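In case you want the letters, here they are:
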Amino acid sequence: MREFWKTLIHGLESGRPACLVSLLSSAGSTPRSAGAMMAVLPGGIADGTIGGGNVEFEAQKLAAEVLHTGKDERRDYRFVQGNDKSLGMVCGGDVSVQFQFVSPEDKTALNVFRALVEADGQGRDAWLVRRLEGSRITRMQAATAADADNFALSALMKDMPLLTEDGWFSIPVVRAGWVHIFGAGHVSRALAAALHPLGFRCAVYDDRAEFADPAFFPTAQRVAVCDFKKPDLTVTPSDYVAVMTRGHQADYEVLTQVLRSGARYIGCIGSRQKLDLCRNRLLAAGFTPEEYAILHAPIGLSIGAQTPEEIAVSVAAELISVRAGIEISRQGG
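Everything numeric here is computed off the predicted structure, so don't read it as measured data. (Residues numbered from 1 in each chain as written. Predicted model: local features only at pLDDT ≥ 70, side-chain atom pairs only at ≥ 80, totals over all residues. Heavy atoms only, no water.)

Colleague: Run through the packing of aromatic side chains, naming residues and quoting values.
Modeller: If you walk through the whole model with that rule in mind, you get six aromatic pairs. Ring geometry for Tyr-240 against Tyr-265: centres 6.5 Å apart, planes inclined by 45 degrees, an arrangement best described as tilted. A residue pair is termed long-range when its members are at least 10 positions apart, and Tyr-240 in strand β13 (residues 240-243) and Tyr-265 in strand β14 (residues 265-268) qualify at 25 residues. Each member of the pair Tyr-240 and Tyr-265 is classed as buried. Feature note: the residues Phe-4, Trp-5 and Phe-113 constitute an aromatic cluster, connected by ring pairs. Looking at Arg-201, its charged tip hangs above the ring of Trp-178, at a distance of 4.0 Å from the centre. The cationic tip of Arg-208 hangs over the ring face of Phe-211; the distance from NZ or CZ to the ring centre is 3.7 Å. (Phe/Tyr/Trp six-rings, centres within 6.5 Å; stacked < 30°, edge-to-face > 60°. Helix = DSSP H or I, 4+ residues; strand = E, 2+ residues; numbered from the N terminus. Buried < 20%, exposed > 50% of the residue type's maximum accessible area, 1.4 Å probe, protein only. Lys NZ or Arg CZ within 6 Å of the ring centre and 35° of its normal.)

Now the structure itself:
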């Protein structure tokens with residue numbers, strides 16, 4: 001999403017208005033769920049998506065009108081045939097869409113969008129919070145962890161988009177946390193590249209300087225040489241850990257450091273035989289079966305992945321499912 005906000009900011013700073021299109025709610029079978037956003041600028045320039053197809057086509061047409069009138073709008077659409085609000089689609093769902101006009105003279109809006117980009121760069125959770133009165137947006141701000149003591153705001157800072165009965169709408173825009181990738185081989189390179197456009201912030205570590213080279217990881221935000229026995233970093237409950245070092249011993253060394261870290265996700269690459277050996281060593285070292293059970297091993301979803309790029313897709317998909325709070329069967333499960 002960081003590029004989405006940068007595109008929006010650049011357009012406004014260039015003196016062009018924008019229409020911020022947001023899905024307020026969705027029900028039934030729909031292409032995207034609540035919180036999906038699209039920015040439309042003059043000339044048909046658009047970034048982001050609220051689902052494609054007819055809904056996006058109709059939304060872009062109305063967004064063009066909003067850019068002309070300068071007035072917010074709200075529309076409900078149905079993914080059925082033969083209805084006056086129908087999009088001629090057969091998905092069977094309903095969506096409510098908010099169209100917010102943003103003037104290039106609106107410094108408050110610009111500051112909100114800049115704050116979201118800044119929060120992303122600093123790895124801080126951030127929400128876009130807006131107040132709706134009818135079809136109008138009457139208030140907008142960026143909320144971060146610094147606002148946790150504000151009871152009204154903290155009630156809106158949820159893991160999923162929230163639309164309250166009194167018209168407050170919040171979207172979690174930045175989800176803090178790093179993906180700590182241990183090992184800087186071919187799979188790690190493919191994984192870092194795959195995670196970047198998905199909004200994950202990657203840090204890559206290896207105990208070999210020739211592998212821990214930023215040139216191999218142009219999208220990673222941190223690349224460092226570290227001792228796997230004593231990595232100089234702190235893993236938080238918001239973080240993800242992907243263990244894919246060069247061998248069993250290094251994997252074991254990393255896992256002894258991270259299994260009790262409380263990380264949101266820990267996965268380890270390897271064959272069943274190698275992972276069984278690693279499990280036995282960890283249990284012998286004092287780890288419990290329950291502590292080991294949190295490990296996603298083999299790492300990634302079971303999609304028959306073979307190449308580094310395919311494995312990266314399977315791991316990225318698993319991280320997306322964890323971020324979304326969805327449990328999916330593991331690789332080889």
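Colleague: I'd like a rundown of unusual backbone geometry, residues and numbers included.
Modeller: In this structure, the amide linkage connecting Ala-297 to the following residue, Pro-298, adopts the cis form with an omega of 0 degrees. Along the chain, Pro-298 turns up in the loop between α8 (289-293) and α9 (308-323).

Colleague: Help me get a handle on the pairing of strand β1 (residues 18-27), residues and values and all.
Modeller: Counting buried positions along β1 yields seven of 10 residues, so the element is predominantly enclosed. Sheet analysis places β1 next to strand β5 (residues 94-102), joined by nine bridges and oriented antiparallel. Bridge pairing in β5 places Ala-27 opposite Asp-94. With four bridges connecting them, β1 and strand β2 (residues 37-41) associate as antiparallel partners. Bridge pairing links Cys-19 to Val-40 in β2. (Pairing = 2+ DSSP bridges.)

Colleague: Outline the packing of helix α1 (residues 2-13) against helix α3 (residues 107-122), supporting the account with residue identities and numerical values.
Modeller: Geometrically, a packed helix pair is captured by the angle between its two axes and the distance between the axes. Look at α1 against α3: their axes get within 10 Å of each other, and the N-to-C directions meet at 150 degrees. You can see that α1 and α3 cross each other, and the crossing is left-handed. Contact with α1, carried on its side by Arg-2, Trp-5, Lys-6, Leu-8, Ile-9, Leu-12 and Glu-13, involves Leu-110, Phe-113, Arg-114, Leu-116, Val-117 and Asp-120 of α3 and no other residues of that element. Split by residue class, the contact of α1 with α3 holds eight nonpolar, no polar and five charged. (Axes fitted to C-alpha atoms, helices over the stretch in contact; angles between N-to-C directions. Left-handed = near helix turned anticlockwise from the far one by under 90°. Contact = heavy atoms within 4.5 Å. Nonpolar A, V, L, I, M, F, W, Y, C, P; charged D, E, K, R; others polar.)

Colleague: Talk me through helix α6 (residues 248-258); I want residue IDs and the actual numbers.
Modeller: Among the 11 residues that make up α6, eight are buried, leaving the element largely enclosed by the rest of the structure. All of the buried residues in α6 are His-248, Ala-250, Asp-251, Tyr-252, Glu-253, Val-254, Leu-255 and Val-258. Buried residues along α6 sit against β10 (178-182), β13, β14 and α7 (272-284).

Colleague: Before we move on, can you summarise the pairing of strand β3 (residues 45-48) with the specific residues and values?
Modeller: Within a regular strand, side chains alternate between the sheet's two faces. Judged from the four bridges that link them, β2 and β3 form a sheet pairing that is antiparallel. Residue Leu-41 lies in a different strand from β3, and its bridge partner there is Ile-45. Between β2 and β3, which follow one another and run antiparallel, lie three residues, and Gly-43 among them has a positive phi close to 85 degrees.

Colleague: Kindly report on the pattern of salt bridges, identifying the contributing residues and their values.
Modeller: Inspection of every chain in the model, using the stated rule, returns seven salt bridges. A salt bridge links Arg-75 to Glu-73, with the shortest nitrogen-to-oxygen separation between them at 3.1 Å. Among the ionic pairs, Lys-274 bridges to Asp-251, the shortest N-O distance being 2.4 Å. Linking Lys-274 in helix α7 with Asp-251 in helix α6, this pair joins segments that are 23 residues apart in sequence. Given the relative accessible area of 21%, Lys-274 is considered partly exposed. (Salt bridge = Lys/Arg side-chain N within 4 Å of Asp/Glu carboxyl O.)

Shape is all these values report; function is a separate question.
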